[in-house]
Amino acid sequence: MTTLLVIAKEPRPGRVKTRLTPPFTPREAATLAEAALVDTLRTVAATPARRRVLVLDGAPGPWLPPGFDVVQQCAGGLDERLAAAFAGCDGPALLIGMDTPQVTPALLTVDFADCDAYVGPAEDGGFWALGLARPDPELLRGVPMSTPTTGAVQRERLVMAGLRVRDLPPLRDVDTARDAEAVAASAPHSRFAAELGRLRVTAGR
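Keep in mind that what you see is a predicted model, and the values were worked out from it rather than measured. The numbering scheme is per chain: residues are counted from 1 as the chain's sequence reads. Given that the model is predicted, a residue must reach a pLDDT of at least 70 before its local features are reported, and side-chain atom pairs must reach 80 or more before they are shown or counted; all residues, however, enter totals for whole chains, interfaces and linings. Side-chain metrics rest on all non-hydrogen atoms present in the structure, leaving aside hydrogens and water.

Caption draft 1: Main features of the overall build of the chain. Comment: elements are numbered from the N terminus, with helices defined as DSSP H or I runs of at least four residues and strands as E runs of at least two. Summing up its helical and strand segments, the chain has six helices and seven strands in all. Reading the helices (α) and strands (β) of the chain from amino to carboxyl end gives β-α-β-β-α-β-α-β-β-α-β-α-α. For 205 residues, the compact-globule formula gives about 17 Å, and the C-alpha radius of gyration of the chain, at 16 Å, lands near that figure. With respect to the principal axes defined by its C-alpha atoms, the chain has extents near 55 × 35 × 30 Å. Here the term buried applies to any residue with accessible area under 20% of the maximum for its type, exposed to any over 50%, and partly exposed to those in between, with areas from a 1.4 Å probe on protein chains only. Of all 205 residues assigned to the chain, the portion counted as buried reaches 49%. Each accessible area value is a Shrake-Rupley result obtained with a 1.4 Å probe; residue values ignore everything except the protein chains displayed when judging cover. Accessible area for the chain stands at about 9,300 Å²; split by element, carbon and sulfur atoms hold 54% of it. With 23 positive and 24 negative side-chain charges, the chain shows a spacing of 4 Å between the two charge centroids. The reference for a compact globule is 2.2 Å times residues^0.38; the radius of gyration itself is calculated from the C-alpha atoms. By the counting rule applied here, Lys and Arg register as positive and Asp and Glu as negative, while His and the ends of each chain are not counted. All charge positions are set by atom: Lys at NZ, Arg at CZ, Asp at CG, Glu at CD.

Here's what the structure looks like:
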């Protein structure tokens, strides 16, 4: 079975989802980040897996459900941190972030029987998921992160390495307030949608 990795930041005000500020305050942005992380972890917990790992920048809190190993992110750029996360796996692995609370167990249930890699493109040009049948950190090191072409460059890196790549459906990351509205609408029963609705009412938005 596949190891499921979630790379995330501890949801502390001023450290997460800074592009939500404004219109949200740093504390509100952290509340939304925690909600997205909770939704993501619940989905991962509901997905069949060999192992579930939270690759964390910060300290775990009461939002962490049982059944997860927690490892600290290494120093360096995002490509190095992602590479290190895969380096800790000894079999097929699928990595996602905390920015897609609309993700479902069906999307995360992947089969490497006839492919070597999965890429889940994000609508902003990045990727929300990356799966490797044989995790190799060198497949990620040096890929420029957080650009409009990150997903395409990463996919090309896999293809050029001779891997058979399968694409997952594109999803929208939560980066801006507009993203938050769209994602909440696509997952109306999520904790993320509930928190966004509560903040709207509290602020009169």
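Caption draft 2: Structural detail: unusual backbone geometry. Cis rather than trans, the peptide bond between Thr 21 and Pro 22 has omega equal to -15°. Looking at the element boundaries, Pro 22 is found in the loop between β1 (3-9) and α1 (26-45). Geometrically, the link from Pro 22 to Pro 23 is a cis peptide bond, its omega value of 10° lying close to zero. Checked against the element boundaries, Pro 23 lands in the loop between β1 and α1. The residue Lys 17 is not glycine, and still its phi comes out positive at about 50°. Along the chain, Lys 17 falls in the loop between β1 and α1. In this model, Ser 146 sits at a positive phi of 60°, which is unusual for a non-glycine residue. Following the sequence through the fold, Ser 146 ends up in the loop between β6 (127-132) and α4 (150-160).

Note that every value here comes from positions in space, so none of it alone points to a role or purpose.
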